[in-house]
Amino acid sequence: MNVILVNPRAQKSHRRLPLSVLFVARNLPEWVTWEIVDANIDPDAQARAEALIARDPSNTVVMVTVMPGPQLAWATPWCRKLKARFPETPVVWGGYFPSVYPEAVCADAGVDYAVLNQGEDTAVALVEALSAGEDPAGLPGLAVWRDGALIRGPLRPWTRSSRYPMPPYERLPMEDYAAKTFLGQRTFNHHSSVGCPYTCNFCAVTAVANGAWIPDPAKDVVETVRLLHDRYRADAIEFHDNNFFAAERRCHAVARGMASLGVRWWGEGRIDTMLAWSHQTWSAMARSGLAMVFYGAESGDQDALEAMDKGGLEVEQTIALNKRARSYGVIPEFSFVMGNPGDPEGDIAATIALVRRLKSDNSDCEIILYMYTPVPLPGMFDDATALGFSFPQTLDEWLSPTWSGYEERRNPVTPWLTPAIVQRVYDFESVLHAWRPSVSDRNLRPWQRAALRVLAAPRYRLGWYTRPYELKALQRLWRYRRPEEMGF
Ligand code: B12
């Protein structure tokens, strides 16, 4: 049996190891031949995958990983085309999007099966069933559409990721993935835990993991980083875990293990968790090359934080963490999810005030502004439903102009946000980023940074953010990239 694993195009300029499909591949049995086709590095990915399928369509399975946004827009029409051309070739989707919205995915003409949650074991069970000529419907971790209804097998228990073999990096063109970033000249990515121990009700990870978190032991994390360093000359690592910093002891041990490698690193963490960590852990992490940590600060409004089930996070903790990280030379990167249904304007005003405070305490801190978009979880989602919000039922609806930007969380079509509110946020963002351009941006020259800062300073000082066309024009002309446009 042949398996073609496809990573649809996600971003123009940001190449990262396609871990979602690489991790599935690492567990496929020896009797399966497989190939990864990554549209982020191969402009002819669709043609290449089709040529591979055409060799033996009835003995091939196509496995596609799908995130909302650009990957969904790439995968949906292509998979429909595939099914029309190769009706006998099963098309399987996996990843967060099909895991959260399996009905819309499985009902589509381009998809035969959706793999829910962690995919390594389900992919093996599926290829075994298909090659034995058995009907896979009802297999654990698998969803399929039959006679107008979803048949969903029981969910599999979560498994420690490093229980599976080391990812087969040697099967990828690793030079194509050695990325130049703010962290280093050869940045690679790794993912060293499953799920997240928190249950914030605006996050897709909660809809999937529901508070489950299974970390790889520190020694396994270090072994992988060492391999990437020794064999592929990695000088920087992005840990793409939902929450890399959930356990202090593990992070301290990872930091000690990485200390001799000279690798700069980045990960996502929680403010309240890391605020409570010891001086020893913080200094070990800083010495080992920890350069930046991404935090969900979410809001400057305490009521909004509580509505989000942020596990007791307090605005004051964000202010304290900002100063603490600064004292160790680690840059905090704060992400906000603004405009919740309760009091969008109050939430936005409080968040802008907090951002100003954070910047005045630590001008290096990074700021990312998203708009709140509901996920189907109890809590704020119920408020959203009461206000007339409902999800698309089909992939065509997901791809319509109204919805295509939804999961990108920049300009969602939620009934409680008016265009004027959204505009105010992004006008503020333009002024802020001109006044203090992000360190992650690699396009601006020093003089361009200085020019933007001088131009934006009066606006920022006076709090006059309306229509900053001159700043937006320069940012566009000089191809300035905000941190989230760099990937993270
Ligand atoms: C890296 C990443 C990206 C990269 C893409 C890398 C790539 N694929 O080329 C970039 C930076 C481009 C990106 C962009 C976006 N992302 Co993103 N991204 C991630 C991140 C941090 C890691 C993904 C990863 O590699 N995980 C490691 C692998 C091993 O785990 P995995 O993907 O879950 O895969 C396992 C299972 O899901 C399953 N599986 C996955 N795919 C498949 C396929 C098959 C066939 C099978 C059988 C199994 C299977 O098996 C795998 C192994 O167990 C995740 C969060 C996370 N920690 O996972 C968010 C995440 C997937 N992204 C998300 C979103 C929303 C986006 C955006 C659409 C919006 C945004 N604001 O971030 C943008 C799109 C913008 C754009 N221009 O593309 C959401 C998805 C939410 C949802 N409802 O689906 C996540 C969950 C973050 C979050 N908490 O909200 N992202």
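Look up a bit, the structure's there.
Residues numbered from 1 in each chain as written. Predicted model: local features only at pLDDT ≥ 70, side-chain atom pairs only at ≥ 80, totals over all residues. Heavy atoms only, no water.

(A) Representation of the coordination of the cobalt atom of the ligand within the structure. What the protein offers the cobalt atom of the ligand as a donor is a single atom, M67 (SD), at 2.8 Å. Along the chain, the position of M67 falls in the loop between β3 (60–65) and α3 (70–85). (Donors = N, O, S within 2.8 Å, 3.2 Å for Na, K, Ca; no water. Helix = DSSP H or I, 4+ residues; strand = E, 2+ residues; numbered from the N terminus.)

(B) Structural detail: helix α15 (residues 344–361). For α15, with 18 residues, the first-to-last C-alpha span of 26 Å sits near the 26 Å given by 1.5 Å per residue. Within the span of α15, buried status applies to P344, D347, I348, T351, I352, L354, V355, L358, K359 and D361. Lining the buried residues of α15 we find α13 (302–307), α14 (315–327), β14 (331–338), β15 (366–371), α19 (419–435) and α20 (446–462). (Expected span 1.5 Å × (residues − 1). Buried < 20%, exposed > 50% of the residue type's maximum accessible area, 1.4 Å probe, protein only. Contact = heavy atoms within 4.5 Å.)

(C) View of the side chain of N322. For N322, the location among the structural elements is in helix α14. Of the residues examined, N322 reaches a relative accessible area of 0% and is grouped as buried. At a separation of 3.2 Å, a polar atom in the side chain of N322 contacts the side chain of N362. Contact partners of N322, with chain neighbours within four places excluded, come to P332, F334, L358, D361, N362 and C365. (Polar contact = N/O pair within 3.5 Å; in protein donor to acceptor, adjacent residues only side chain to side chain.)

(D) Main features of the pairing of β3. The buried fraction of β3 amounts to six of the six residues, a majority that puts the element mostly inside the structure. Judged from the five bridges that link them, strand β1 (residues 2–7) and β3 form a sheet pairing that is parallel. Paired with V3 across the two strands is V61, which belongs to β3. In the sheet, β3 pairs with strand β4 (residues 91–94) via four bridges, with the strands oriented parallel. Within the sheet, the bridge partner assigned to T65 lies in β4 and is G94. Handedness of the β-α-β unit built from β3, α3 and β4 comes out right-handed. (Pairing = 2+ DSSP bridges. Right-handed = clockwise from strand over helix to strand, strands pointing away.)

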